[in-house]
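Spelled out, the chains give:
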Amino acid sequence: MTDLDQLTQSLARNLRRLRADRGLTLDALAARAGVSRGMLIQIEQARTNPSVGTVVKVGDALGVSVATLLEADRPPTVRVVPPAEAVRLWSTEAGSHSTLLAGTESPGPLELWRWRLMPGEGHESDPHPAGTTELVHVTEGVLTLRVDGADHPLPAGTSAVFGSHVPHGYRNEGREPAGLTMAVSVPAASP
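Now for a description of the structure that goes with this document. This structure is a prediction, so every number in the text was calculated from the model and none was measured. (Residues numbered from 1 in each chain as written. Predicted model: local features only at pLDDT ≥ 70, side-chain atom pairs only at ≥ 80, totals over all residues. Heavy atoms only, no water.)

## Structural notes on the overall build of the protein chain
1) Next: Helices and strands together make up the secondary structure of the protein chain, namely five helices and ten strands.
2) Next: Buried residues in the protein chain amount to 42% of all 191 residues.
3) Next: In the protein chain, 62% of the contacts between residues at least 6 apart in sequence involve partners at least 24 apart.
4) Next: Looking at the protein chain as shown, the accessible area adds up to about 9900 Å², and 53% of this sits on carbon and sulfur atoms.
5) Next: Separation of charge centres in the protein chain, based on 17 positive and 21 negative side chains, amounts to 5 Å. (Helix = DSSP H or I, 4+ residues; strand = E, 2+ residues; numbered from the N terminus. Buried < 20%, exposed > 50% of the residue type's maximum accessible area, 1.4 Å probe, protein only. Contact = heavy atoms within 4.5 Å. Areas by Shrake-Rupley, 256 points an atom, 1.4 Å probe, with all protein chains shown as cover. Lys, Arg positive; Asp, Glu negative; His and termini not counted. Charge placed at Lys NZ, Arg CZ, Asp CG, Glu CD.)

This is how it looks when you write it as C-alpha cells:
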C-alpha cells in the first residue's frame, strides 16, 4: 500500500468515526462543511483523494485538525513525528509546497506547518471558523501575506499573527524562494 493509499484509508476511517461520534448525517456534515454529500461519500469510501481545501473544510466543520483527519492511529501521550511522517498536502511543479508537521486537538485543533513558496507562486485560503488564529514566521525570502484584501510584506525573520476567519493567502512576489513556519489554532467545536 502506498503512502497516498494509507492517507486515503485513514481519512475515510477517521471521517466515518468522527461524523458518527458527533451524530451527524452526511447531509448535515455536507451543509456544515460546504462540500457535497457525494464528495463525503467518496471520502468515507476511500474512493477519492480530496483537495486540501476540502479536507480543511471538513476538519473545520467537525472541529478537528487536518492532522486528526489523517492520523493513522490514536496518538499516544507523547507523539513524536519523525520527518518521514510529515504530510505534504499540496505542491507545484515549480517546487512550492506545504507540509503538515504535527497537530493536536486540545483544547481545540492546533496545527504546525512548514511552507515553501517558489517565486511567483502563492496559495489562497478560504476563511476558517470565527476565532481561528494563525501565527506565521518567515524563515527565508519575503512572503506577501494577504489578509482580508490587504497585503503585508514579511521579510525573513519577521512574524505575524492574524485572525484567519477572513479570506487570506500567501504569495512570493520575489525572485528567491520564500519559506515559513505556521501554526493554526482553531477554537474547539461547540457540542
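## Digging into the side chain of His128
1) Next: Among the secondary structure elements, His128 is positioned in the loop between strand 4 (122-125) and strand 5 (133-140).
2) Next: A polar contact of 3.5 Å, which involves the side chain of His128, links it to the side chain of Asp60.
3) Next: With near-sequence residues (within four places) excluded, His128 lies in contact with Val56, Asp60, Glu134, Ser164, His165 and His168. (Polar contact = N/O pair within 3.5 Å; in protein donor to acceptor, adjacent residues only side chain to side chain.)

## Describing the packing of helix 2 (residues 26-33) against helix 4 (residues 52-62)
1) Next: For the pair helix 2 and helix 4, interaxial distance at closest approach is 8 Å and the crossing angle is 110 degrees. As far as their axial angle goes, helix 4 and helix 2 are roughly perpendicular. Along the contact surface, helix 2 presents Leu29, Arg32 and Ala33, while helix 4 presents Lys57, Val58, Ala61 and Leu62.
2) Next: Residue classes in the contact of helix 2 with helix 4 are distributed as five nonpolar, no polar and two charged. (Axes fitted to C-alpha atoms, helices over the stretch in contact; angles between N-to-C directions. Parallel < 35°, antiparallel > 145°, perpendicular 65-115°, else oblique. Nonpolar A, V, L, I, M, F, W, Y, C, P; charged D, E, K, R; others polar.)

## Brief notes about the packing of aromatic side chains
1) Next: Counted according to the given criterion, the structure contains three aromatic pairs.
2) Next: By way of ring pairs, the aromatic residues Trp90, Trp113, Trp115 and Tyr170 are connected into one cluster. (Phe/Tyr/Trp six-rings, centres within 6.5 Å; stacked < 30°, edge-to-face > 60°.)

## Regarding the pattern of salt bridges
1) Next: For the coordinates displayed, the defined rule picks out eight salt bridges.
2) Next: A salt bridge links Arg19 to Glu44, with the nearest nitrogen and oxygen atoms 2.6 Å apart. Here Glu44 lies in helix 3 (residues 37-44) and Arg19 lies in helix 1 (residues 3-21), a separation of 25 residues in the sequence. Taken as a pair, Arg19 and Glu44 share a single burial class, namely buried.
3) Next: Linking Arg116 and Glu140 is a salt bridge whose minimum nitrogen-to-oxygen distance equals 2.6 Å. Here the residue Arg116 occupies a position in strand 3 (residues 110-117), and Glu140 occupies one in strand 5, the gap between them amounting to 24 residues.
4) Next: For Glu140, a relative accessible area of 31% puts it in the partly exposed group.
5) Next: Within this structure, Arg146, Asp151, Arg171 and Glu173 form a network of salt bridges that share partners. (Salt bridge = Lys/Arg side-chain N within 4 Å of Asp/Glu carboxyl O.)

## What about the environment of Gly174?
1) Next: Take Gly174: it is sitting in the loop between strand 9 (168-171) and strand 10 (178-185).
2) Next: The sequence separation of Gly174 and Val66 amounts to 108 residues, and the corresponding C-alpha distance is 30 Å.
3) Next: When near neighbours in sequence (up to four residues on either side) are disregarded, Gly174 contacts Pro119 and Gly120.

## Some remarks on helix 2
1) Next: Regarding helix 2, the residues found buried are Leu26, Leu29, Ala30 and Ala33. Angular distribution of buried residues about the axis of helix 2 spans 100 degrees; they occupy a single face of the element. Among the exposed residues of helix 2, those oriented more than 90 degrees off its buried face are Ala31 and Arg32. (Arc of directions from axis to C-beta.)

## A few points about the sheet that holds strand 1 (residues 87-91)
1) Next: The sheet built from six strands is open, its strands ordered 1-2-3-10-5-8 with antiparallel pairing. Either end of the sheet is taken by a strand with one partner, and the two such strands are strand 1 and strand 8 (159-163). Recorded for the sheet is a direction-independent mean angle of 20 degrees between the axes of neighbouring strands.
2) Next: Sheet topology places strand 1 next to strand 2 (residues 97-104); four bridges connect them, and they run antiparallel. Within the sheet, the bridge partner assigned to Val87 lies in strand 2 and is Leu100. (Pairing = 2+ DSSP bridges.)

Purely spatial values, then, with no claim about function.
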